[in-house]
Amino acid sequence: MVITFPVHGNEIHGSDNPRMDIAIERATAYVTALAQRCAADPQRPRCHFTPPSRWMNDPNGTIRYRGWYHLFYQLNPFGDQWGFMHWGHTRSRDLVVWEDLPIALAPDVLAGEEHCYSGCISLDADGTPRLFYTSVPFADARPFEQWRASPLDDDLIAWQRDRRPCIGALADRLARDPYAFRWCGRTFLVIGDGRRVALFEAPEGDFDRLRAAGTLWTASAEMEFAECPNVLTLPDDRMLLLLSPYRPVEWRLGTFDGQAMTVQAEGRLDLHDAFYATNTLEDAAGRTVVLGWIRGFPAGRGWNGCLAFPRLIEVDGDVVRQRIHPAIEALLELDELPRGPGALAVGDACRVLATLPGSATIWLHGFAINWDGSILTMCGGAYPLAVVGSLRLEIWLDRSVIEVFIDDGRAVLTRVQVGDSGDGLLRVNGEADVRAWRMAAR
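For every chain, the first residue of the written sequence is number 1, and numbering continues from 1 onward in sequence order. Two thresholds apply to this predicted model, a pLDDT of at least 70 for residue-level local features and 80 or more for giving and counting side-chain atom pairs, whereas whole-chain, interface and lining totals are computed over all residues. Side-chain metrics in this entry use all non-hydrogen atoms of the structure; hydrogen atoms and water are not considered.

**Student:** Give me the overall build of the protein: which residues, what numbers.
**Tutor:** Secondary structure assignment for the protein yields two helices and 35 strands. Radius of gyration here is computed from C-alpha atoms only, and the compact-globule reference equals 2.2 Å multiplied by the residue count raised to the power 0.38. Radius of gyration (C-alpha) of the protein: 22 Å, near the 22 Å computed for a compact globule of 442 residues. Overall, the C-alpha framework of the protein stretches about 70 × 50 × 40 Å when taken along its three principal axes. Buried residues in the protein amount to 56% of all 442 residues. Only DSSP runs of H or I with at least four residues qualify as helices, and only runs of E with at least two residues qualify as strands; both kinds are numbered from the N terminus onward. The classification of residues rests on relative accessible area computed with a 1.4 Å probe and restricted to protein chains. Under 20% of the type maximum is buried, over 50% is exposed, and intermediate values are partly exposed.

**Student:** So what about the pairing of strand β27 (residues 360-364)? Which residues, and what values?
**Tutor:** By the criterion of burial, β27 is predominantly enclosed, with four of the five residues buried. When β27 meets strand β28 (residues 367-371), the two strands line up antiparallel, connected through five bridges. Each bridged residue has a counterpart across the sheet, and for T361 the counterpart in β28 is N370. Linking two consecutive strands that pair antiparallel, namely β27 and β28, is a turn of two residues; a positive phi of about 50° is found at H365 within it. Across five bridges, the pairing between β27 and strand β34 (residues 425-430) is antiparallel. Residue pairing for β34: A360 is matched across the bridge by G430. Pairing between two strands is assigned when DSSP locates at least 2 bridges connecting them.

**Student:** Lay out the sheet that holds strand β32 (residues 401-406) with the relevant residues and their values.
**Tutor:** Strand order in the open sheet made by the five strands is β33-β32-β31-β26-β35, with antiparallel pairing throughout. Each edge of the open sheet carries a strand with a single partner, namely β33 (411-416) and β35 (433-438). Sheet twist, expressed as the average angle between the axes of neighbouring strands with direction ignored, equals 15°. Inspection of the sheet shows β32 paired to β33 by six bridges, in the antiparallel sense. Bridging across to β33, V404 finds its partner in L413. The axes used here are C-alpha line fits, helices contributing only the stretch in contact, and every angle between their N-to-C directions lies in the interval 0 to 180 degrees.

**Student:** So, the packing of aromatic side chains: which residues are in play, and what are the values?
**Tutor:** The description of an aromatic ring pair rests on the distance of the ring centres and on the angle between the ring planes. Under the pairing criterion, centres of Phe, Tyr and Trp rings, with the six-membered ring standing for Trp, must be within 6.5 Å; the plane angle then separates stacked pairs below 30 degrees from edge-to-face pairs above 60, leaving the rest tilted. Enumeration according to the criterion identifies 19 aromatic pairs in this entry. Arranged with centres 6.2 Å apart and planes meeting at 65°, the rings of W82 and Y117 form a pair that is edge-to-face. Within this pair, whereas W82 is found in the loop between β4 (68-76) and β5 (86-92), its partner Y117 is found in strand β7 (residues 113-123), the two being separated by 35 residues in sequence. When its relative accessible area of 43% is taken as the criterion, W82 is described as partly exposed. Ring-pair connections join several aromatic residues into one group, and the members of that group are F181, W183, F188 and F256. A ring has a charge above it when a Lys NZ or an Arg CZ is no more than 6 Å from the ring centre and no more than 35 degrees off the ring normal. Lying across the ring of W68, R91 places its NZ or CZ 3.9 Å from the centre.

**Student:** Which residues make up the sheet that holds strand β13 (residues 196-202), and what values go with them?
**Tutor:** Ordered in space as β11-β12-β13-β14, the four strands form an open sheet in which the pairing is antiparallel. Of all the strands in the sheet, the pair left with one neighbour each is β11 (176-183) and β14 (211-218). Sheet twist, expressed as the mean angle between neighbouring strand axes with direction ignored, is 30°.

**Student:** Give me the lowdown on the pairing of strand β31 (residues 391-398), citing residues and values where you can.
**Tutor:** With respect to burial, β31 is a largely interior element, seven of its eight residues being buried. In terms of strand pairing, strand β26 (residues 349-356) meets β31 through eight bridges, oriented antiparallel. If you follow A349 over to β31, its bridge partner there is D398. Bridging between β31 and β32 involves six bridges; their strand directions are antiparallel. If you follow L397 over to β32, its bridge partner there is I402. Taken together, β31 and the strand that follows it, β32, pair antiparallel across an intervening segment of two residues, in which R399 is found at a positive phi of about 60°.

**Student:** Could you give me a rundown of unusual backbone geometry, with the residues and numbers involved?
**Tutor:** Its identity is not glycine, yet R66 carries a phi of approximately 50°, on the positive side. If you trace the backbone, R66 turns up in the loop between β3 (54-65) and β4. Residue class for R66 comes out exposed when judged on its relative accessible area of 54%. One non-glycine residue, L95, lies in positive phi territory at about 70°.

**Student:** Requested: an account of the pattern of salt bridges, with residues and values cited.
**Tutor:** Between Lys or Arg on one side and Asp or Glu on the other, a salt bridge is scored when a side-chain nitrogen of the former is within 4 Å of a carboxyl oxygen of the latter. Counted by the stated rule, this structure contains 36 salt bridges. The closest approach of N and O atoms between D236 and R238, which form a salt bridge, is 2.9 Å. For R238, a relative accessible area of 13% corresponds to the buried category. Of the charged contacts in the structure, one is a salt bridge between D283 and R287, with a shortest N-O distance of 2.9 Å. Exposure remark for D283: the relative accessible area of 4% places this residue in the buried category.

**Student:** Now, about the layout of surface pockets: what can you tell me, with residues and values included?
**Tutor:** Of the voids in this model, the largest pocket is the one considered here, and its volume is about 580 Å³. Cavities and pockets were defined on a 1 Å grid built over protein atoms only: a cavity is a set of grid points that admits a 1.4 Å probe from which the probe cannot escape, a pocket is an open set flanked by protein on both sides within 12 Å along at least five of seven lines, and lining residues are those with an atom within 4 Å of any such point. For the largest pocket, the lining is made up of 19 residues, of which Y179, A180, R182, T280 and E282 are closest to its centre. Contributions of two or more residues to the lining of the largest pocket are made by β3, β7, β11, β15 (227-233) and β19 (275-282). Any residue outside Ala, Val, Leu, Ile, Met, Phe, Trp, Tyr, Cys, Pro, Asp, Glu, Lys and Arg is labelled polar, Gly included; the first ten of those are nonpolar and the last four are charged. Split into classes, the residues belonging to the lining of the largest pocket amount to ten nonpolar, six polar and three charged. Grid points are joined across faces, edges and corners, and a volume is the space filled by probe spheres set on the points.

Keep in mind these numbers describe shape, not what the thing actually does.
This is the structure we're talking about:
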């Protein structure tokens with residue numbers, strides 16, 4: 001039996017598992033039920049991607065396929081706090097405007113599955129997208145398992161699971177977050193396995209032949225778990241490993257010999273853990289785009305969580321820089337706001353470029369950013385920075401979310417602040433050269 005349901009006027013075929021299709025339709029109805037209420041919330045970001053309602057966390061299965069950027073993400077369709085993880089789904093032509101699609105995966109409750117945890121999508125040797133996710137049982141009934149699914153349509157709407165896990169229990173019974181990457185013509189899959197990043201290889205790119213290949217990297221004892229491991233291969237043949245270890249996202253830079261990684265440098269991708277659980281895709285220009293979840297919103301608003309603006313990573317020596325993907329500039333108004341004495345009316349969504357030769361404070365729609373020459377203070381946090389000369393900030397504000405790129409992206413600070421103190425104004429106390437543009441959702 002095949003169930004069909006309409007999507008934007010087109011008939012999309014579901015799986016051959018009727019109970020799963022019914023579960024997905026039911027969950028989708030819960031998400032759409034609060035959409036109008038959530039859209040009217042003045043604290044909800046309007047330029048960053050958010051689901052119509054409810055809870056979201058990790059980006060999953062991010063891929064560009066047949067001209068579309070697909071974003072799957074952890075979704076609780078039944079509340080605005082974490083729980084009962086599904087895979088939500090949206091797509092975009094440009095990384096700016098997102099089209100909501102039906103939920104892609106729901107837990108197979110009758111089979112004892114409580115959550116569909118994070119994972120990835122990668123192309124098999126024949127060009128078919130393969131979805132990998134972590135299957136989590138009720139009541140710790142078994143170790144976590146890694147499962148695979150295949151699409152039933154070119155829009156990646158409906159998915160059919162394999163009949164058995166592709167990877168069973170690992171050393172840590174909570175092993176999770178599969179991520180596929182390619183290196184020197186070979187195809188690998190990594191999984192967070194406690195403090196270890198477990199390594200698997202798909203010979204000749206064939207995921208049907210996936211086999212254990214050892215350990216990519218092992219953390220020291222101070223890291224509790226290597227969540228969401230992502231591997232970026234660089235043009236100079238080095239490797240950048242991203243980890244979300246229950247604290248701000250970290251990176252490790254080094255070399256890879258096909259068996260293990262040798263680390264040469266390390267650092268933080270963001271100064272705060274409001275940015276978390278990264279995943280990647282390749283854009284139309286062949287650049288690796290890093291996506292992340294922004295967290296820290298209060299419960300009780302019907303929605304919770306958003307996607308950070310897509311970022312590009314550049315590595316120069318041992319320096320890792322980030323910048324907003326240039327596609328996001330399509331949200332900016334063409335005209336720069338005129339500079340002059342007094343406050344600037346920037347609204348609740350804007351981009352600000354600021355150069356601070358010395359101590360100064362910037363007030364921006366309720367956010368206060370203070371620089372005393374060595375420490376940047378914002379949202380109750382203090383962040384020491386080693387800066388030579390003037391401090392340069394690129395600030396992207398979207399209502400309750402702020403992403404600050406420091407010193408040409410050498411550091412990034414992401415924070416959330418939900419409240420009623422925003423006035424849509426930009427003020428400066430101290431010496432600063434400030435330029436600003438309003439931003440509007442498309």
